[in-house]
Amino acid sequence: MIAIASDHGGFDLKESVKKHLAERGMEVKDFGTYDKNSCDYPDFGRAAAEAVAAGECEKGIVICTTGIGISIVANKVPGIRCALCSETTTARLTREHNDANVLAMGGGMTGELLANEIVDVFLDTPFSGLEKHARRISKIEK
């Protein structure tokens, strides 16, 4: 199960990503927003991050206009390691090195085709498990 959320600035990209995930046969839980009316990203980003932290969802995807604000919100939730990615290399490396469990993207910054590639890399890349990375993640959690 993948948690997904956006504000109005990320709504269109969220809907595109949801469709892409469905085509991959993945289950998605949408934490809103559900239209393009102006809203506050913390409400939706926090809900998705909390679902991941609680184990209700395996990973999360959060989207606002830039991806910055909603990534900050997600990272306020204990147990969340959210990475803002705008290309596939950082998506791969944040999974391999940081074991990131939430992906943030900017709806005004990233096109649909690239966003879907980023999502695929993020979801398909495992954590490396290397001791040095595990040690660093442990320090982050403290």
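Shown above is the structure to which this text applies.
Residues numbered from 1 in each chain as written. Predicted model: local features only at pLDDT ≥ 70, side-chain atom pairs only at ≥ 80, totals over all residues. Heavy atoms only, no water.

### Some remarks on the pairing of strand β3 (residues 59-64)
Counting buried positions over the 6 residues of β3 gives 6, a clear majority of the element. Side chains K59, I61 and I63 project from β3 onto one buried face, and the interleaved G60, V62 and C64 project onto a second face that is buried too. Alignment of strand β1 (residues 2-6) against β3, held across 5 bridges, turns out to be parallel. Pairing of I4 across the sheet is with I61, part of β3. Pairing analysis gives 5 bridges linking β3 to strand β5 (residues 102-106), with the strands arranged parallel. Within the sheet, the bridge partner assigned to V62 lies in β5 and is A104. (Buried < 20%, exposed > 50% of the residue type's maximum accessible area, 1.4 Å probe, protein only. Helix = DSSP H or I, 4+ residues; strand = E, 2+ residues; numbered from the N terminus. Pairing = 2+ DSSP bridges.)

### Some points on the nonpolar core
F31, V62, I80, C82 and V102 are the most contacted members of the largest nonpolar core, which has 19 residues in total. For this core, the elements supplying multiple residues, two or more each, are β1, α2 (41-53), β3, α3 (68-75) and β5. In terms of residue count, α2 provides more of this core than any other element does, 5 residues in total. Not counting the four nearest positions on each side in its chain, V102 is found in contact with V52, G60, I61, V62, A74, I80, R81, C82, A83 and F122. Core analysis: the second largest hydrophobic core is formed by 18 residues, V17, L21, I63 and A91 among them. (Core = buried A, V, L, I, M, F, W, Y, C linked by side-chain atoms within 4.5 Å. Contact = heavy atoms within 4.5 Å.)

### Focus: helix α5 (residues 112-124)
With 13 residues, α5 extends 18 Å between its outermost C-alpha atoms, agreeing within 8% with the 18 Å of an ideal straight helix rising 1.5 Å per residue. Taken as a whole, α5 has its buried residues at A115, N116, I118, V119, F122 and L123. End-on view of α5: buried residues confined to an arc of 160 degrees, all on one side of the axis. Those residues of α5 hidden inside the fold are in contact with β1, α1 (11-23), β3, α4 (88-98) and β5. (Expected span 1.5 Å × (residues − 1). Arc of directions from axis to C-beta.)

### A few points about the pattern of salt bridges
Pairing between side chains of opposite charge can happen when the charged atoms of each approach one another. With the rule as written, the count across this model stands at 14 salt bridges. Note that R24 is salt-bridged to D120, the shortest N-O span being 2.7 Å. Taken together, the positions of R24 in the loop between α1 and β2 (28-30) and D120 in helix α5 put the pair 96 residues apart, joining distant regions of the chain. Taking the shortest distance from any N to any O, the salt bridge between E96 and R92 comes out at 3.1 Å. Within this pair, E96 and its partner R92 are both found in helix α4, separated by 4 residues, close to a single helical turn. Classification of E96 by relative accessible area gives partly exposed; the value is 21%. Judged by relative accessible area, which is 33%, R92 ranks as partly exposed. (Salt bridge = Lys/Arg side-chain N within 4 Å of Asp/Glu carboxyl O.)

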